[in-house]
Amino acid sequence: MTKRRSDGEGWGARSSRPLADPLPEGGGRSVRIFTTRQDTLFGATFVTLAPEHPLVDEIIRGKEKAAGVRAFVDRIKKQDKAVRTADDLEKEGIFTGAHALNPMTREPIPIWIGNFVLMEYGTGAIMCVPAHDQRDFEFARKYGIPIRLVIQNPAASLDAKTLTAAYSEEDGRLVDSGAFSGMTSEEAREKIADFIVSEKLGSRKINYKLRDWGISRQRYWGTPIPILYCDSCGTVPVPYADLPVTLPQNVSLTGKGGSPLRENKSFLNVKCPKCAGEAQRETDTMDTFVDSSWYFLRYLSPKFDAAPFGRKEADYWMPVDQYIGGIEHAVLHLLYARFFTKVIRDLGLVKSDEPFTNLLTQGMVCMETYRCEVHGWLIPLEVVGSEKGGWRCPQCGRPAERGRVEKMSKSKKNIVDPEQLIAKFGADTARLFSLFAAPPEKDLEWNDAGVEGASRFLNRVWRLVAGRAFHDSGDSVKSIRSDATRRGAALRRATHRTIQKVTEDLEGSHTETPGALAESGSNVSSVRHRPFQFNTAVAALMEFYNTITEWQREGAAGEDEPILNEAIRTLILLLSPFAPHIAEELWMKTGRPDSVFNQPWPKWDESFLKTDEITIVIQINGKLRSQIRIPPGLEEEDVRGLALSDGRVKEWMKDRSPKNVIYVRDKLVNIVI
Ligand SMILES: [Zn+2]
Ligand SMILES: [Zn+2]
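Residues numbered from 1 in each chain as written. Chains lettered and ligands numbered in written order. Predicted model: local features only at pLDDT ≥ 70, side-chain atom pairs only at ≥ 80, totals over all residues. Heavy atoms only, no water.

## A look at helix H4 (residues 134-143)
So, step 1. Restricting attention to buried positions, one finds in H4 the residues Asp136, Phe137, Phe139 and Ala140. Down the axis of H4, the buried side of the element spans an arc of 170 degrees, and every buried residue falls inside it.
So, step 2. For H4, the elements touching its buried residues are strand E3 (46-49), strand E4 (93-101), strand E5 (108-114) and strand E6 (125-128).
So, step 3. N-cap assignment for H4: the residue whose side-chain oxygen lies 3.1 Å from the backbone N of Arg135 is Asp133.
So, step 4. Count one or two residues on from H4 and you reach Gly144, which has phi positive near 65 degrees. (Buried < 20%, exposed > 50% of the residue type's maximum accessible area, 1.4 Å probe, protein only. Helix = DSSP H or I, 4+ residues; strand = E, 2+ residues; numbered from the N terminus. Arc of directions from axis to C-beta. Contact = heavy atoms within 4.5 Å. Polar contact = N/O pair within 3.5 Å; in protein donor to acceptor, adjacent residues only side chain to side chain.)

As structure tokens, this is what we get:
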């Protein structure tokens, strides 16, 4: 009956049973209704029809109330429909004398006619649940119609007799609802819909609704609407050659309201391009949403002045690979952009069917709120006191009440002034903290400890680099490839693992690992790694920093110095998108004169990622005496060294020096004594 919400899933019920079958005067008619709150069906205690509803005449025919009802209907029909749908409308109704049958309770319920029900809205018939709809509640109280509570709140504190307002905003648990009692609203919406369908009382339906969009504004600052009005020709579009219409510079903003363009006669008055008579320009301008619906096309050819955008560029670049925006864009801007794109496509101006390929809705930055009973909302950083001793208002010293953690907003003052933060910690810290504190799609709760943590990390990296002399200048990666010691190889592995991790966290990846899922029938396991995981990328950098410093503590770099240099430079390169200022300075300190931002993004080398060590058999005079594990590809000299310093080999050798050492690459060492 009632269309409670204009969108979402609901069901339309068409009672196949005669709605008024226990009531002889009903005549077995059914009425079609819509609802998204089928969980409240047991609480429907009356039905309200629009005065224009076709059933009205039929159900009042021959009734003693008929004349009164007809007079009411005639009076309401004359009222303006906009008035009848206004929120502050005084609700009026009249009982028809007829009853409907509630399909769930099978009880007869009175049929009313109400001034607030329109034929155009839903089906012109409303199922009224006074306990759970505020308008129905007010109507029921006014006319003494029973109120039946069917959704109980979590505290089970609601009572129909003492209810002062409808319980409508929140879900709860069903009561007094037959077999559905005890279910949550959510569960009951499913189960009752199933029941309605199985009993053939109605069906599920998804309704879509696109709201009309008034695109014009009575403002000066906006894109002019290129339309002229001529007394003889009517509405005339500005000729193509005269586009674009530009706004005049010399307008006076009077503050009196209305568009200042109306007052600017040189803009307003023009010659009609059709009849050369007097014409006037449209003085409304376009809503900003109009241009935000297609600006991405203009960005592709910003200097092109023959048309809004170049076809070649549009076909090459569109659609946009990645859209990042707040959730508030999801229903307006993104939807409008899709419609615009489809219209532009239908006009044959662009090939692309959709404006955007991927959407990331970033979370909000949240912070706790504080309130003083006299001074209202307080800026959290200015509140004085402590968690233990209590918080106080900085202006009057009264207790400050700590409220919920909410999205930062100027109105609640739960904001952090970036200027202060930058003055104290620098922009890099502010940036690093924001990226590290939460995945981008999740809300981020601001906390000072986190900011300090980010600052400490950057200071540590600073000390790691600033206190070190970098003697090399060449491309270290290639030259150190083969001559790493075992320690060096481990650090190099960490470097390349970190490059891989950070790169994949930023860009996303799709890796297929053969054989991993062999048992489950598939011989390829496919892992899709989402992009923009800045928080885990920063975590990987922190871990990498720890690996480097632990490695340094274990001993001097010695011949692995190029590998250590590579590790430190890689740390700086990987840090540069997150903390650009410090990264630039540190990069210079490593002896590289060119900007860190002119460096290619580091690439990881798969062969360095392998953790597998191989076993080398050690023979003395051809007999197996020991074995060691080394990374594959280690140089002969290193392997010899490792073999000769092995504890068991030393025991066998007893200070004798080897006559000869034979190395079979990656297999064995034979020491001849
Ligand atoms: Zn004209
Ligand atoms: Zn105060």
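Here the narrative resumes, following the displayed structure.
## What about the sheet that holds strand E15 (residues 278-281)?
So, step 1. Overall, antiparallel pairing links the four strands, which are arranged E13-E12-E15-E14 in an open sheet. With partners counted over all chains shown, the strands left at the sheet margins are strand E13 (234-237) and strand E14 (269-271), one partner each. In this sheet, neighbouring strand axes are inclined to one another by 40 degrees on average, regardless of whether the strands run parallel or antiparallel.
So, step 2. Judged from the four bridges that link them, strand E12 (residues 227-230) and E13 form a sheet pairing that is antiparallel. (Pairing = 2+ DSSP bridges. Axes fitted to C-alpha atoms, helices over the stretch in contact; angles between N-to-C directions.)

## A short note on the packing of aromatic side chains
Two numbers describe a pair of aromatic rings. These are the distance of the centres and the angle of the planes.
So, step 1. According to the stated counting rule, one finds 22 aromatic pairs in the structure shown.
So, step 2. Geometrically, the ring pair formed by Tyr316 and Trp317 is edge-to-face, given 4.9 Å between the ring centres and 90 degrees between the ring planes. Note on accessibility: Tyr316 and Trp317 belong to one class, exposed.
So, step 3. Ring plane angle 65 degrees and centroid distance 5.8 Å describe the contact between Tyr370 and Trp391, whose orientation is recorded as edge-to-face. Placement of the pair is Tyr370 in strand E19 (residues 365-372) and Trp391 in strand E22 (residues 390-392), with a sequence separation of 21 residues.
So, step 4. Overall, Tyr370 belongs to the buried group, its relative accessible area being 2%.
So, step 5. Taking the relative accessible area as the measure of exposure, Trp391 reaches 22% and is therefore partly exposed.
So, step 6. Taken together, the ring pairs connect Phe46, Phe95, Trp112, Phe116, Phe139 and Tyr143 into an aromatic cluster.
So, step 7. The residue whose ring lies beneath Arg468 is Phe470, and the NZ or CZ to ring-centre distance is 4.9 Å. (Phe/Tyr/Trp six-rings, centres within 6.5 Å; stacked < 30°, edge-to-face > 60°. Lys NZ or Arg CZ within 6 Å of the ring centre and 35° of its normal.)

## So, the coordination of the zinc ion (ligand 1)
So, step 1. Within the protein, the zinc ion (ligand 1) binds to Cys230 (SG), Cys233 (SG), Cys272 (SG) and Cys275 (SG); these donor distances fall in the range 2.2 to 2.4 Å.
So, step 2. In this structure, the zinc ion (ligand 1) is surrounded by four donor atoms whose angles at the metal cover 103 to 115 degrees, and the resulting shape is tetrahedral.
So, step 3. Along the chain, the residues donating to the zinc ion (ligand 1) are arranged with the sequence spacing C-x2-C-x38-C-x2-C. Of this pair, Cys230 sits in strand E12 while Cys275 sits in the loop between E14 and E15, and the two are 45 residues apart along the sequence.
So, step 4. Given a relative accessible area of 6%, Cys230 falls into the buried group. (Donors = N, O, S within 2.8 Å, 3.2 Å for Na, K, Ca; no water. Tetrahedral: all angles 85-135°; square planar, octahedral: opposite > 155°, others 65-115°.)

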